[in-house]
Amino acid sequence: MTLQQEIVGNAMQMAVVSLQPGQTVYCEAGKFLFKTTNVTMETRLGGPSGGGGQQSQPGGGGSGGMGGLLRQAMGTAMQAGQRALAGESLAFQYFTTQGGEGTVGFAGVLPGEMRALELDGTRAWFAEKDAFVAAESTVDFGIAFQGGRTGRSGGEGFVLEKFTGRGTVIIAGAGNFIDLNPADFGGRVEVDTGCVVAFEEGIRYGVQRVGGLNRQGLMNAVFGGEGLSLATLEGNGRVILQSLTIESLANALKKAQGGDKQGPTGGLFSTNAQ
């Protein structure tokens, strides 16, 4: 059953979901806006992939007795630990309609767009940390850690949210979105590490240094405003970028409050006034 949803608004969008009997949608804590009275809300530590998406049957019949309950508890603890390590919310809120169609509203936390992604079970989607808003209970939420060189130098790219299964997942970002396929641009694009919102499985994500350790490379890092690294996206698949980075928004707010003095460089040598 396809999730009926509508994304409304402009500068700060929200998703209005119509739940049919038997459907459940879950969101990250803090993304819920409103619901009709016939929609129940339950907060759990576990997501669907950790056993939190399904209710255990009375007497343990659906989960293998005490052994099944123990495995479920361990899976939930591991999933919560992963989210804590990644800086994500520990809890999910689950919404189910009772006695007819119900309505639930969700939103992101920054001014910007939202997007509903449809998973058919063949390809996973990866998204930046905090992009997740809500999903059907048939969609599994996980954490993917970028290891090695990419993880150490990638900034925002070190921790990614991973969505698998079948159904609808709703994500949010800052500013406006642009959809592109690296295959349409010679197979590779290079972007600010904070501009990546989400991409399909099959896209190769990496991080590279901006220029070499030479005069131009140092000029790019110090005066160019990009620091030392760019994200690289290669392959054939969908990529979603955002026009506003969280870092630039934070710097703009600090500057407006007199708390950030970047001066003429806009790069590595910004200073914070105390």
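Here the structure is a predicted model, which means the values were calculated and not measured.

So, how was this worked out
Residues numbered from 1 in each chain as written. Predicted model: local features only at pLDDT ≥ 70, side-chain atom pairs only at ≥ 80, totals over all residues. Heavy atoms only, no water. Buried < 20%, exposed > 50% of the residue type's maximum accessible area, 1.4 Å probe, protein only. Helix = DSSP H or I, 4+ residues; strand = E, 2+ residues; numbered from the N terminus. Pairing = 2+ DSSP bridges. Salt bridge = Lys/Arg side-chain N within 4 Å of Asp/Glu carboxyl O. Axes fitted to C-alpha atoms, helices over the stretch in contact; angles between N-to-C directions.

Visitor: Can you help me understand the pairing of strand β14 (residues 188–191) in this one?
Guide: The side chains of a regular strand alternate, residue by residue, between the two faces of the sheet. Burial of β14 is one-sided: the residues V189 and V191 facing one way are buried, the residues R188 and E190 facing the other way are not. Of the strand pairs in this sheet, β14 and strand β17 (residues 229–234) are connected by 4 bridges, and their pairing is antiparallel. Its bridge partner being in β17, V191 is matched across the sheet by A231.

Visitor: Help me understand the pattern of salt bridges in this model?
Guide: A pair can form between side chains of opposite charge whenever their charged atoms are brought close. Tallying each qualifying case throughout the model produces 9 salt bridges. Note that R115 is salt-bridged to E113, the shortest N-O span being 3.9 Å. Considered together, R115 and E113 belong to a single accessibility category, that of buried residues. Across the salt bridge formed by D179 and R238, the nearest N and O atoms sit 3.7 Å from each other. Pair noted here: D179 is in strand β13 (residues 177–180) and R238 is in the loop between β17 and β18 (239–242), with a separation of 59 residues, a long-range link.

Visitor: What exactly am I supposed to notice about the environment of I170 here?
Guide: Relative to the elements of secondary structure, I170 occurs in strand β12 (residues 159–172). For I170 and L117, which are 53 residues apart along the polypeptide, the C-alpha to C-alpha distance reads 6.2 Å.

Visitor: Explain the sheet that holds strand β2 (residues 14–19) here, please?
Guide: As a general point, the strands of a sheet are linked pairwise by backbone hydrogen bonds and lie either parallel or antiparallel. Overall, antiparallel pairing links the 4 strands, which are arranged β1-β2-β7-β4 in an open sheet. Bordering the open sheet on either side are β1 (4–8) and β4 (32–35), each of which pairs with just one other strand. Looking at each pair of strands side by side, their axes are set apart by 20 degrees on average, direction ignored. Both β2 and strand β7 (residues 102–107) contribute to a ladder of 6 bridges, which runs antiparallel. Bridging across to β7, L19 finds its partner in G102.

Visitor: Please clarify how unusual backbone geometry should be interpreted in this entry.
Guide: The phi angle of most residues is negative, glycine excepted, and most peptide bonds adopt the trans form. Its identity is not glycine, yet D130 carries a phi of approximately 80 degrees, on the positive side. One can find D130 in the loop between β9 (125–128) and β10 (132–136). Take D130: its relative accessible area is 35%, and that puts it in the partly exposed class.

Visitor: Is there a simple way to think about the pairing of β18 in this case?
Guide: Both faces of β18 are covered, namely the face carrying V239 and L241 and the face carrying I240 and Q242. Note that strand β15 (residues 196–200) and β18 share 3 bridges and pair antiparallel. Each residue of the ladder has a partner; that of A198, found in β18, is I240.

Fair warning: the whole summary comes from geometry, so function is off the table for now.
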